[in-house]
Amino acid sequence: MEKQQFLYEGKAKRIYATADPDLLVVAYKDDATAFDGKKKGQIERKGMLNNRISSFFFQLLASRGVDSHFVRQLSDTEMLVKKLDIIKVETVVRNIAAGSLSRRLGLAEGTPLSRPVLEYYYKDDALGDPMINEYHIYALNLADRGQLLKIAEDSLRINEILSGYLRGKNIILVDFKLEFGLFKGEVLLGDEISPDTCRFWDAETGEKMDKDRFRRDLGGVSEAYAEVLDRLTGGKS
Ligand code: TMP
Ligand code: ASP
């Protein structure tokens, strides 16, 4: 499937049309941003690494019965996806306190949570993606009850699948963010699942293997992303 006209550009990806109106090409960039775009930079080989890592996770989820927009990987930096009507609700699932949860609730980073926490955020860059609850979602007509139930169930199921899989690769899944959309009326997982959108900690050392290395200027960012891919693919990247 050839990419055709350029449609739009996000912070980490470019989107292109294809000959099929139901399908898009996503091209992953090396650009990195944090803190609502206030911090900008580049992570060497990130486009390739995140495309491959996301492709891997989408295929893993499909094999366990969780469908997404992913159709197939097209090249090192590109994947073919179904065109979704974006639902403006992002979910974050957390297993261990970190980041904004640690700040908001005064929990030391690394504090285990006795059960997974599911949070909703309003996908709106201008507002800085504020946290919302189900009442906001219904009041703003962002999703209906059936759609939100599917979003919540898929998010928690994805947590189970990915946490278990990554544990076998000596990686702790601390937390992650997901986005969803509608394809022919059906709620489908969209966007990406990568070290840009997840917190991964090495199970032995606790070392961060994700975008927190960029956000917090820890160095070794590209190397950490490459290590995640290596562990997923058994070094055959
Ligand atoms: P947080 O602790 O900053 O709220 O982040 C929770 C998770 O969501 C973490 O794995 C990083 C991911 N995330 C994104 O993918 N995009 C974002 O814009 C933010 C703020 C977090
Ligand atoms: N991707 C978001 C941004 O640019 C935030 C983040 O991941 O920290 O700003």
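Structure: above.
Quantities reported herein were computed from a predicted structural model and do not represent experimental measurements.

Conventions used here
Residues numbered from 1 in each chain as written. Chains lettered and ligands numbered in written order. Predicted model: local features only at pLDDT ≥ 70, side-chain atom pairs only at ≥ 80, totals over all residues. Heavy atoms only, no water. Helix = DSSP H or I, 4+ residues; strand = E, 2+ residues; numbered from the N terminus. Buried < 20%, exposed > 50% of the residue type's maximum accessible area, 1.4 Å probe, protein only. Lys, Arg positive; Asp, Glu negative; His and termini not counted. Salt bridge = Lys/Arg side-chain N within 4 Å of Asp/Glu carboxyl O. Polar contact = N/O pair within 3.5 Å; in protein donor to acceptor, adjacent residues only side chain to side chain. Contact = heavy atoms within 4.5 Å. Phe/Tyr/Trp six-rings, centres within 6.5 Å; stacked < 30°, edge-to-face > 60°. Lys NZ or Arg CZ within 6 Å of the ring centre and 35° of its normal. Near = heavy atom within 4 Å. Nonpolar A, V, L, I, M, F, W, Y, C, P; charged D, E, K, R; others polar.

All right, on to the side chain of Asp129 then. Relative to the helices and strands, Asp129 resides in the loop between β9 (112-122) and β10 (131-132). No salt bridge is formed by the buried Asp129; the nearest opposite charge belongs to Lys11, separated by 6.0 Å. A polar contact is formed between the side chain of Asp129 and the backbone nitrogen of Asp124, at a distance of 2.9 Å. Beyond its immediate sequence surroundings of up to four residues, Asp129 is in contact with Glu90, Tyr121, Tyr122, Lys123 and Asp124.

What follows deals with the packing of aromatic side chains. Here the structure, examined in full by the defined rule, presents five aromatic pairs. Ring centres of Phe6 and Tyr16 lie 5.7 Å apart, and the angle between their planes is 70°; on these two criteria the pair is classed as edge-to-face. Of this pair, Phe6 sits in strand β1 (residues 6-9) while Tyr16 sits in strand β2 (residues 13-17); the two residues are ten residues apart in sequence, bridging distant segments of the chain. Relative accessible area serves as the criterion here: at 42%, Phe6 is assigned to the partly exposed category. Between the NZ or CZ atom of Lys3 and the centre of the ring of Tyr16, over which it lies, the distance is 4.9 Å.

To continue, consider the site of ligand 1. Lining the immediate surroundings of ligand 1 are 13 residues, of which Arg94, Ser100, Asp175, Lys177 and Arg199 lie closest. Side-chain polar atom of Arg199 to an oxygen atom of ligand 1: 2.9 Å apart, as the coordinates give it. For the shell around ligand 1, the elements supplying multiple residues, two or more each, are β8 (85-96), α2 (99-105), β11 (171-183) and β13 (198-202). The greatest single-element share of the shell around ligand 1, amounting to three residues, is contributed by β11. When the residues that make up the shell around ligand 1 are grouped by side-chain class, the tally is four nonpolar, three polar and six charged.

Any functional reading would require information beyond the geometric quantities listed.
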